[in-house]
Amino acid sequence: MTLTITRPDDWHLHLRDGSVLADLVPHTSRQFARAIVMPNLTPPVINTEMARSYRQRILAAVPAVDSFEPLMSLYLTNNTPADEIIRAKESGIVHGFKYYPAGATTNSDAGVTDIKNAYPALEAMQKNNMILQVHGEVVDPTVDIFDREARFIEQVLEPLKNDLPELKIVFEHITTKHAAQFVSDADQYVAATITPQHLLYNRNEIFKGGIRPHYYCLPVLKREEHRLELVKAACSGNPKFFLGTDSAPHAQNKKESSCGCAGIFSAPLAIELYARSFDENDARDKLESFASFYGADFYGLPRNTDTITLEKKEWTVPASFPLASEKIIPMHASEKEKWKMKMTSPT
Ligand code: DOR
Ligand code: ZN
């Protein structure tokens, strides 16, 4: 069985910087035409000039056989000036601002400590039709880690939506039924990305037979009842839900550690993972719009015109990939995968 779809885009991706780009970019450029590249580098990408040079370094790592467009995102801080939004918009290369609550996840220390601090920038974003990409978890350490997303909706998103009703928001990597419901109920200014891990696994995966660091990401995997709602949302054909892998590379030794980093590296087999999920849920006909149409539509960008072909054919995922002088373990390492990307049509 084969499945040919319009070439997909990844609306949430981490590529890091420096020598690892040469190892990371090809995994994504092989499958996807474009990707929103997250700005949580050290130091974070906080202005258009930094995004411009980061974009050049990414482009330099794209293999000659691929055509790939990095879509840049800027890191919102307490001090992002309103005129940075104008510069970002005019550049044509910046497509959103990422809101990390300070301390929520990897390299989020420079993030926003109180959303009110960012209101001048957010008002300018609303006015200039610039998208806010939200890491939706409260950072209060007394809130149970499994409740942080649901709490964020009440404490931050609902008030933000009241104050700035026409600000375009992507609720990134949603993990709960509460988030899926919030997005479904919201107006056309709100959408969400869904990762492959949150479609395929529940939180048991982290603890199966011992602690398994390669299944740890933030927001953390949740209960089965939440996974089922995310599958329903992704497979529903509702244009508010689209593909964003949140592929987040960390070297093997940074994951397999007494304090392992958060992040799941799905880029080498991203579209295959989504194909498996949609296939298992009898929604093969909904994969294309989720992976290739709705994200572009929400971002106001043209849909791709070339295609990729996936084949239902078992193969074994490599145990690891090179990452500069180290190794990186992909999602589903050494296991059998059911779908394989076969080919790309010429552009
Ligand atoms: O698991 C995650 N890893 N979640 C994030 O929000 C950040 C990401 C990373 O950059 O490693
Ligand atoms: Zn991310």
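Everything in this summary refers to the structure shown in the same document. (Residues numbered from 1 in each chain as written. Chains lettered and ligands numbered in written order. Predicted model: local features only at pLDDT ≥ 70, side-chain atom pairs only at ≥ 80, totals over all residues. Heavy atoms only, no water.)

**Observations concerning the sheet that holds strand S13 (residues 336-344)**
- As summarised here, the arrangement of the 3 strands in space is S1-S10-S13, forming an open sheet in which the pairing is antiparallel. The sheet is open, and its two edges are formed by strand S1 (2-6) and S13, each paired on a single side. Across the sheet, the mean angle from the axis of one strand to that of its neighbour is 35 degrees, orientation sign disregarded.
- Sheet topology places S1 next to strand S10 (residues 307-316); 5 bridges connect them, and they run antiparallel. Bridge pairing links Thr 2 to Glu 311 in S10.
- The strands touched by helix H10 (residues 270-280) are S1, S10 and S13; relative to S13, the strand with the most contacts, the crossing angle is about 115 degrees.
- Strand contacts of helix H11 (residues 287-299): S1 and S10, with the helix running at about 25 degrees to S1, the strand carrying the most contacts. (Pairing = 2+ DSSP bridges. Helix = DSSP H or I, 4+ residues; strand = E, 2+ residues; numbered from the N terminus. Axes fitted to C-alpha atoms, helices over the stretch in contact; angles between N-to-C directions. Contact = heavy atoms within 4.5 Å.)

**Let's talk about helix H3 (residues 82-91)**
- Along H3, the residues classified as buried are Glu 84, Ile 85, Ala 88 and Ser 91. The arc that holds the buried residues of H3, viewed along the axis, is 125 degrees, so those residues lie on one side.
- In the core, the buried residues of H3 are packed alongside helix H2 (48-59), strand S4 (69-75), strand S5 (94-99) and helix H4 (119-127).
- Backbone geometry just downstream of H3 places Gly 92 in the positive-phi region, at approximately 75 degrees. (Buried < 20%, exposed > 50% of the residue type's maximum accessible area, 1.4 Å probe, protein only. Arc of directions from axis to C-beta.)

**What to know about the site of ligand 1**
- Every one of the 13 residues lining ligand 1 counts as a neighbour, but Arg 16, Asn 40, Thr 105, Leu 218 and His 250 are closest to it.
- Between ligand 1 and Thr 105, the relevant distance is 3.0 Å, taken from an oxygen atom to a side-chain nitrogen or oxygen of the residue.
- A distance of 3.2 Å separates an oxygen atom of ligand 1 from a polar backbone atom of Gly 263.
- When ligand 1 is considered free in solution it has 290 Å² of accessible area, and contact with the protein chains removes 100% of it.
- The class makeup of the residues in the shell around ligand 1 is 4 nonpolar, 7 polar and 2 charged. (Near = heavy atom within 4 Å. Polar contact = N/O pair within 3.5 Å; in protein donor to acceptor, adjacent residues only side chain to side chain. Areas by Shrake-Rupley, 256 points an atom, 1.4 Å probe, with all protein chains shown as cover. Nonpolar A, V, L, I, M, F, W, Y, C, P; charged D, E, K, R; others polar.)

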